[in-house]
Amino acid sequence: REREREREREMHPTLSLYRQIVSAAKRFPSKNRSKVLAEIRHEFRRNATLGPDEAGPKIQLAHDSLRQLRAYVDLDYKASSWNIKLHQQPMPVPDRRRE
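Bear in mind that the values here come from a model prediction, so they are computed numbers and not experimental data.

Definitions and cut-offs
- Residues numbered from 1 in each chain as written.
- Predicted model: local features only at pLDDT ≥ 70, side-chain atom pairs only at ≥ 80, totals over all residues.
- Heavy atoms only, no water.
- Axes fitted to C-alpha atoms, helices over the stretch in contact; angles between N-to-C directions.
- Helix = DSSP H or I, 4+ residues; strand = E, 2+ residues; numbered from the N terminus.
- Parallel < 35°, antiparallel > 145°, perpendicular 65-115°, else oblique.
- Left-handed = near helix turned anticlockwise from the far one by under 90°.
- Contact = heavy atoms within 4.5 Å.
- Nonpolar A, V, L, I, M, F, W, Y, C, P; charged D, E, K, R; others polar.
- Expected span 1.5 Å × (residues − 1).
- Buried < 20%, exposed > 50% of the residue type's maximum accessible area, 1.4 Å probe, protein only.

Chemist: Before we move on, could you go through the packing of helix α2 (residues 13–26) against helix α4 (residues 52–73) and cite the residues and values that matter?
Modeler: Axis angle and axis distance: for two packed helices, these are the angle between their axes and the distance between the axes, and together they describe the pair. Packing of α2 against α4 brings their axes to within 9 Å, and their N-to-C directions diverge by 30°. Classified by the angle between their axes, α2 and α4 sit roughly parallel to one another. Of the two possible hands of crossing, α2 and α4 adopt the one that is left-handed. Across from T14, L17, Q20, I21, A24 and A25 in α2, the residues of α4 making contact are I59, A62, H63, L66, L69, R70 and V73. Of the residues that constitute the contact of α2 with α4, the class distribution is nine nonpolar, three polar and one charged.

Below, the structure is given as structure tokens:
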């Protein structure tokens, strides 16, 4: 199974990234989890036809977002203290004119 995942990452890196983000978002500790998942799906679908030059910054943002999701998902909730370092402005304001 692990070999299949590795091969998928090599052949379809954006699809693999999408699946990793959705998986992490499903475990995101928030009452707004369903809205987060819907927004992720919407953004990936909306940007599916972008060319490599346009997609590059968005893919980098997706990697950054995945790191931040994992920071919350992987917390030890039984620990007495937590330490998470996040970007000041991790998510740019979406350009609603394109929708």
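Chemist: Would you mind going over helix α3 (residues 33–46) in detail, with residue names and values included?
Modeler: When the terminal C-alpha atoms of α3 are compared, their 20 Å separation across 14 residues agrees well with the 20 Å that a helix rising 1.5 Å per residue should span. If you check which residues of α3 are buried, you get L37, I40, E43 and R46. For α3, the elements touching its buried residues are α2.

Chemist: Describe the packing of α2 against α3, naming the residues involved and giving the relevant values.
Modeler: At a closest axis distance of 9 Å, the pairing of α2 and α3 adopts a crossing angle of 170°. By the criterion of interaxial angle, the relationship of α2 to α3 is roughly antiparallel. Residues T14, Y18, I21, V22, A25 and K26 of α2 pack against R33, V36, L37, I40, R41 and F44 of α3. Grouping the amino acids of the contact of α2 with α3 by side-chain chemistry returns eight nonpolar, one polar and three charged.

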